[in-house]
Amino acid sequence: MGLEFNTLSWDNLLKQLGGENAQRAERKIVGAVVKKLFTQTKQNIQSRFPNSSSANPNYSDKIIDGLRSYVKKNDIYETEGIVHILGTRNKSSQTYKLRFYENGTQPRYTSNGAYRGMIKPLHFFGDAVSAVESQMMGIMQTELDNYISSINEG
């Protein structure tokens, strides 16, 4: 699941900014959308799974720490921003649990047939993607306007 958008319509405008300014503007635009998606996902996690922010003495971190984001540097063709709930691979981490709370699990049974429960899906990430997707173009336009204003002032 992800949020993808094509910036071909923005390319001409960014080309007019030229070289390094275009790359900076593109990173700022993508970064603003990534920040909004990260913030919305975090709010959804905290509202639907309040214990995600609680520390567990058996682990080195909290479940909510599995929410990660970053913006990759520009290469020649694109800038990429990532928000994910995969957590870390650290052995003492409990962040891997976050993906199970997003999608839920199937009912679990022992080999003797005893029911061991299931995790109901919370869909905090999917709902955040849906919410931000409708706001995305406005966020991008605002960020581009702010960047152009800062160039004109400086």
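Here, the structure is the one placed above.
Once a new chain begins, its residue numbering starts again from 1 and follows that chain's sequence as written. Thresholds applied to this predicted model are a pLDDT of at least 70 for local features of residues and 80 or more for the giving and counting of side-chain atom pairs; totals over whole chains, interfaces and linings are not thresholded and use all residues. Note that water and hydrogens are dropped before the side-chain values are worked out from all heavy atoms of the structure.

Enquirer: Explanation requested: the pattern of salt bridges in the structure shown.
Expert: Two side chains of opposite charge can pair, provided their charged atoms sit close to one another. The salt bridge definition used is simple: a Lys or Arg side-chain nitrogen within 4 Å of an Asp or Glu carboxyl oxygen. Per the counting criterion, the structure on display carries two salt bridges. For the salt bridge of D127 with R48, the shortest nitrogen-to-oxygen distance reads 2.7 Å. You can see D127 sitting in helix α4 (residues 124-153) and its partner R48 sitting in helix α2 (residues 19-48), a full 79 residues away along the chain. Exposure is judged per residue with a 1.4 Å probe applied to protein chains only, and the accessible area is read against the type maximum: over 50% gives exposed, under 20% gives buried, and values in between give partly exposed. Look at D127 and you get partly exposed, because its relative accessible area is 36%. Overall, R48 belongs to the partly exposed group, its relative accessible area being 33%. Per the convention used, a helix needs a DSSP run of H or I reaching at least four residues, while a strand needs a run of E reaching at least two, with both numbered from the N terminus.

Enquirer: Any chance you could explain the environment of M137 here in plain terms?
Expert: You can see M137 is positioned in helix α4. Overall, M137 belongs to the partly exposed group, its relative accessible area being 43%. Once the C-alpha coordinates of M137 and I29 are considered, the two residues, 108 residues apart in sequence, prove to be 9.8 Å apart.

Enquirer: Help me out: how do you make sense of the side chain of Q94 in this one?
Expert: In this fold, Q94 is placed in the loop between β2 (81-84) and α3 (97-103). Residues adjacent in sequence count toward polar contacts only when both atoms are side-chain atoms; beyond that, a polar contact is any pair of N or O atoms within 3.5 Å, and within protein one must be able to donate a hydrogen and the other to accept it. For Q94, the side chain forms a polar contact with the main-chain oxygen of D61, separated by 2.9 Å.

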